[in-house]
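Single-letter residue listing:
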Amino acid sequence: MGCENCGGGCGGCGGELLLTEAELALLRRLGETPFLPAAAGLDVKTPVYLEDRERSREEYAAAILALAGKGLIRLDYDVPLKGFDYAAYRDYPLHGSMALTGRGQDVLEQIEILGIRE
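Participant: Could you give me a rundown of the overall build of the chain, with the residues and numbers involved?
Facilitator: Broken down by element type, the chain carries 3 helices and 3 strands. Across the chain, helices and strands are ordered from the amino to the carboxyl terminus as α-β-α-β-β-α. Residue pairs at least 24 apart in sequence account for 68% of intrachain contacts in the chain once pairs closer than 6 positions are excluded. Carbon and sulfur atoms make up 51% of the accessible area of the chain, which amounts to about 7,100 Å² in all.

Participant: Outline the pattern of salt bridges, supporting the account with residue identities and numerical values.
Facilitator: The tally for this structure, following the rule as stated, stands at 5 salt bridges. Across the salt bridge formed by Lys70 and Glu23, the nearest N and O atoms sit 2.6 Å from each other. Residue Lys70 is located in the loop between helix 2 (57-69) and strand 2 (73-76), and its partner Glu23 is located in helix 1 (residues 21-32); the two are separated by 47 residues in the primary sequence. Accessibility expressed as a relative area gives 26% for Lys70, which makes it partly exposed. Across the pair Asp52 and Arg29 runs a salt bridge whose closest N-O atoms are separated by 3.0 Å. In this pair, Asp52 is assigned in the loop between strand 1 (35-40) and helix 2 and Arg29 in helix 1, connecting sequence segments 23 residues apart.

Participant: Would you mind going over the packing of helix 1 against helix 2 in detail, with residue names and values included?
Facilitator: Closest axis-to-axis distance for the helix 1/helix 2 pair is 9 Å, and the angle between their directions is 75 degrees. Relative to helix 2, helix 1 is oriented roughly perpendicular. Each of Ala22, Glu23, Leu26 and Leu27 in helix 1 lies in contact with helix 2, whose residues at this interface are Glu59, Ala63, Ile64, Ala66 and Leu67. In the contact of helix 1 with helix 2, the residues fall into 7 nonpolar, no polar and 2 charged.

Participant: Report on the sheet that holds strand 3 (residues 94-100), specifying residues and quantitative values.
Facilitator: Here we have 3 strands laid out as an open sheet, ordered 1-3-2, and antiparallel in their pairing. With one partner strand each, in any of the chains shown, strand 1 and strand 2 form the two edges of the open sheet. Along the sheet, successive strands turn relative to each other by an average axial angle of 25 degrees, direction set aside. Across the sheet, helix 1 lies against strand 1, strand 2 and strand 3, angled at about 85 degrees from strand 3, the strand it touches most.

Criteria and thresholds
Residues numbered from 1 in each chain as written. Predicted model: local features only at pLDDT ≥ 70, side-chain atom pairs only at ≥ 80, totals over all residues. Heavy atoms only, no water. Helix = DSSP H or I, 4+ residues; strand = E, 2+ residues; numbered from the N terminus. Contact = heavy atoms within 4.5 Å. Areas by Shrake-Rupley, 256 points an atom, 1.4 Å probe, with all protein chains shown as cover. Salt bridge = Lys/Arg side-chain N within 4 Å of Asp/Glu carboxyl O. Buried < 20%, exposed > 50% of the residue type's maximum accessible area, 1.4 Å probe, protein only. Axes fitted to C-alpha atoms, helices over the stretch in contact; angles between N-to-C directions. Parallel < 35°, antiparallel > 145°, perpendicular 65-115°, else oblique. Nonpolar A, V, L, I, M, F, W, Y, C, P; charged D, E, K, R; others polar. Pairing = 2+ DSSP bridges.

By themselves, these are just geometric observations and shouldn't be taken as functional.
Structure, rendered in structure tokens:
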């Protein structure tokens, strides 16, 4: 039986998928721009995203970790964006990227088609 929100078209989430406003905003941003920069310290525990200033670094870090944990984005510190100027990220030794996964794309499409419930 499919989930109540999408009739099973979301990729098998097994129920409702809860997203914070920050997660939803970042998911939508990745829908507009397929690859975004990410950086981290050597401990790779806290991702850093500095391109948008709508939220704090901490909010973006939490959103990135949550989306990655839900399998909606892939975070790669060993795949930097070619031609991107990482000067703003000079304090962070690991320069990488993030992108939607197939599941993330499916969820984003379902949100666009069916909307979301608050």
